[in-house]
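Commentary on secondary and tertiary structure
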Amino acid sequence: MKISLREMSAVATLFNRLWIATIIFGLWSGINQAHTQITEDKPVLPQQPYPIKEIAFLIAVGLVHVLGRLSWTWSLTQTGAANANALGSLNPLFTTLGGWLFFNQIFGRKFIIGLILAIIGAIAVGFEDLLRSSNNITGDAVALISSVFYAANFLLIEQIRNKFSVLTILLWRCVIATTLMIPVVLIFEKQVFPVTLSGWLVVFALAAICEALGHGLIIYSLKNFSSGFISLLLLLNPVNVAIFAWILFSENLSIFNLLGLALILVGIYLATSNKESIQSRVNTHIQSPAESES
């Protein structure tokens with residue numbers, strides 16, 4: 001992202017990441033279908049139409065995905081990065097709350113305690129930057145809204161993970177998000193595409209590594225683990241970043257950094273000790289014909 005921002009805005013970077021990922025998933029899907037037709041001896045049966053509810057959830061996934069990305073990007077222009085990161089750390093809270101309110105998910109006491117500790121830890125990692133950052137109520141509110149969109153994305157994918165294959169979800173999420181991004185970049189962006197080879201390589205890496213591989217693994221894991229647990233586990237990101245920054249760039253870790261990292265690890269440990277809370281409760285025994293694609 002830092003390299004890409006030398007040439008174009010974060011919104012333009014997001015657009016290029018999405019349309020390139022759409023092509024990758026489209027080619028991947030075509031290769032899968034061709035391979036299936038060649039290797040399978042029996043004729044491929046026509047796929048049964050999906051219920052309207054599942055189609056609506058799939059469309060909603062693409063919608064909340066792009067809204068979460070856009071609101072997060074815009075919040076960074078209105079408030080400090082520390083504020084945005086701290087409010088973004090509330091994503092597991094909204095995911096757990098949404099799962100309990102709308103999908104009858106139940107979380108044990110250890111999981112809730114672990115969740116609270118991990119969120120406090122994630123905020124503590126950037127506490128010093130938070131004290132120095134600018135305070136803008138509009139930007140803070142949008143950053144908070146972005147974490148709600150991210151939570152909705154996890155919850156919706158968990159509901160359809162056993163109805164659609166990983167590839168189908170990824171493909172249609174990117175198709176819908178790219179379509180919604182086209183008018184945004186045409187209206188608000190003067191430079192839409194990279195102008196150098198390094199710029200193209202960066203957005204391709206974002207599409208192939210982050211969008212395809214990274215998000216693909218997350219969606220795949222939602223078949224077996226609850227959305228609340230996955231979003232909580234992603235709070236390990238500050239831990240990984242701090243360790244790599246210390247090793248590669250000799251960045252010092254303050255007492256707040258170390259305390260935050262310790263709280264995140266303790267919180268995740270407590271959450272994983274509650275086995276019932278981390279398992280997905282969406283009909284895992286039901287598998288659609290499309291699941292063979294993954």
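The structure reproduced in this document is the subject of the present report. (Residues numbered from 1 in each chain as written. Predicted model: local features only at pLDDT ≥ 70, side-chain atom pairs only at ≥ 80, totals over all residues. Heavy atoms only, no water.)

**Quick look at the overall build of the protein**
- What the protein contains, in helices and strands, is 13 helices and zero strands.
- Written out in order from the N terminus, the α and β elements of the protein read α-α-α-α-α-α-α-α-α-α-α-α-α.
- Buried residues in the protein amount to 44% of all 294 residues.
- The long-range share in the protein, meaning contacts at least 24 apart out of those at least 6 apart in sequence, stands at 90%. (Helix = DSSP H or I, 4+ residues; strand = E, 2+ residues; numbered from the N terminus. Buried < 20%, exposed > 50% of the residue type's maximum accessible area, 1.4 Å probe, protein only. Contact = heavy atoms within 4.5 Å.)

**Focus: helix H8 (residues 166-188)**
- Over its 23 residues, H8 runs 32 Å from end to end, which matches the ideal 33 Å to within 8%, given 1.5 Å per residue.
- The sharpest bend along H8 measures roughly 30° and falls at Met181, with the proline Pro183 sitting one to four residues further on. (Expected span 1.5 Å × (residues − 1). Bend = angle between axes of the 7 residues up to and from the residue.)

**Considerations on the nonpolar core**
- Membership of the largest hydrophobic core comes to 56 residues, with the highest contact counts inside it found for Phe25, Phe111, Ile169, Met181, Leu232, Leu235 and Ile264.
- Take this core: its biggest share by element is nine residues, from H8. (Core = buried A, V, L, I, M, F, W, Y, C linked by side-chain atoms within 4.5 Å.)

**A word on the environment of Arg6**
- Here Arg6 lies in the segment before helix H1 (10-39).
- Among the residues examined, Arg6 registers a relative accessible area of 70% and is labelled exposed.
- A C-alpha to C-alpha distance of 9.8 Å links Arg6 and Pro194, two positions 188 residues apart in sequence.

**What about helix H12 (residues 255-272)?**
- Its 18 residues give H12 an end-to-end C-alpha distance of 26 Å, which sits within 8% of 26 Å, the value for a rise of 1.5 Å per residue.
- Buried within H12 we find Asn257, Gly260, Leu261, Ile264, Gly267, Ile268 and Ala271. Around the axis of H12, the buried residues are gathered within 130° of arc, so they sit on the same side. Opposite its buried face, H12 presents the exposed residues Ile255 and Tyr269, each directed more than 90 degrees away. (Arc of directions from axis to C-beta.)

**Some remarks on unusual backbone geometry**
- The phi torsion at Asn104 lies on the positive side, around 55°, for a residue other than glycine.
- For Asn104, a relative accessible area of 64% gives the class exposed.

**What to know about the pattern of salt bridges**
- One pass over the full model with this rule turns up three salt bridges.
- We note a salt bridge from Glu211 to Arg17, for which the minimum N-O separation is 2.8 Å. Here Glu211 is found in helix H9 (residues 197-221), whereas its partner Arg17 is found in helix H1, with 194 residues between them in sequence. Across the pair, exposure class does not vary: Glu211 and Arg17 are buried alike.
- Between Arg69 and Glu211 there is a salt bridge, with its nearest N and O atoms 3.6 Å apart. Here Glu211 lies in helix H9 and Arg69 lies in helix H2 (residues 52-78), a separation of 142 residues in the sequence. (Salt bridge = Lys/Arg side-chain N within 4 Å of Asp/Glu carboxyl O.)

**Details of the side chain of Arg17**
- Residue Arg17 is classed as buried on the basis of its relative accessible area of 11%.
- One polar contact links Arg17 to Glu211, side chain to side chain, over a distance of 2.8 Å.
- Those residues within four positions of Arg17 in sequence are excluded, and the remaining contacts are Arg69, Val203, Leu206, Ala207, Cys210, Glu211 and His215. (Polar contact = N/O pair within 3.5 Å; in protein donor to acceptor, adjacent residues only side chain to side chain.)

**Some points on the packing of H2 against H8**
- For the pair H2 and H8, the least separation of the axes is 8 Å and the interaxial angle reads 50°. Considering their axes alone, H2 and H8 lie oblique with respect to each other. Considering only the axes of H2 and H8, their crossing is right-handed. Residues Leu58, Ile59, Val61, Gly62, Leu63, His65, Val66 and Leu70 of H2 lie in contact with H8, whose contacting residues are Ile169, Trp172, Arg173, Ile176, Ala177, Leu180, Met181 and Val184.
- In the contact of H2 with H8, the residues fall into 13 nonpolar, two polar and one charged. (Axes fitted to C-alpha atoms, helices over the stretch in contact; angles between N-to-C directions. Parallel < 35°, antiparallel > 145°, perpendicular 65-115°, else oblique. Left-handed = near helix turned anticlockwise from the far one by under 90°. Nonpolar A, V, L, I, M, F, W, Y, C, P; charged D, E, K, R; others polar.)

**What about the packing of aromatic side chains?**
- Scanning the model with the defined rule gives seven aromatic pairs in all.
- Ring geometry for Phe107 against Phe111: centres 4.9 Å apart, planes inclined by 25°, an arrangement best described as stacked. Of the two residues, Phe107 and Phe111, neither departs from the other in class, the shared state being buried.
- Ring geometry for Phe193 against Trp200: centres 6.3 Å apart, planes inclined by 15°, an arrangement best described as stacked.
- We classify Phe193 as partly exposed; its relative accessible area is 40%.
- Given the relative accessible area of 33%, Trp200 is considered partly exposed. (Phe/Tyr/Trp six-rings, centres within 6.5 Å; stacked < 30°, edge-to-face > 60°.)

**Overview of a nonpolar patch on the surface**
- The grouping of Ile243, Phe244, Trp246, Ile247, Leu248, Phe249, Leu253 and Leu258 at the surface amounts to a nonpolar patch, some 860 Å² of accessible area in total.
- Of all the elements, helix H11 (residues 237-249) adds the most residues to the nonpolar patch, at six residues.
- Tracing the backbone through its elements, the reader meets Trp246 in helix H11.
- In this structure Trp246 comes out as exposed when scored by relative accessible area, which is 52%. (Patch = residues over 30% accessible without salt bridge, like charges linked within 9 Å, V, L, I, M, F, W, Y side chains within 5 Å. Areas by Shrake-Rupley, 256 points an atom, 1.4 Å probe, with all protein chains shown as cover.)

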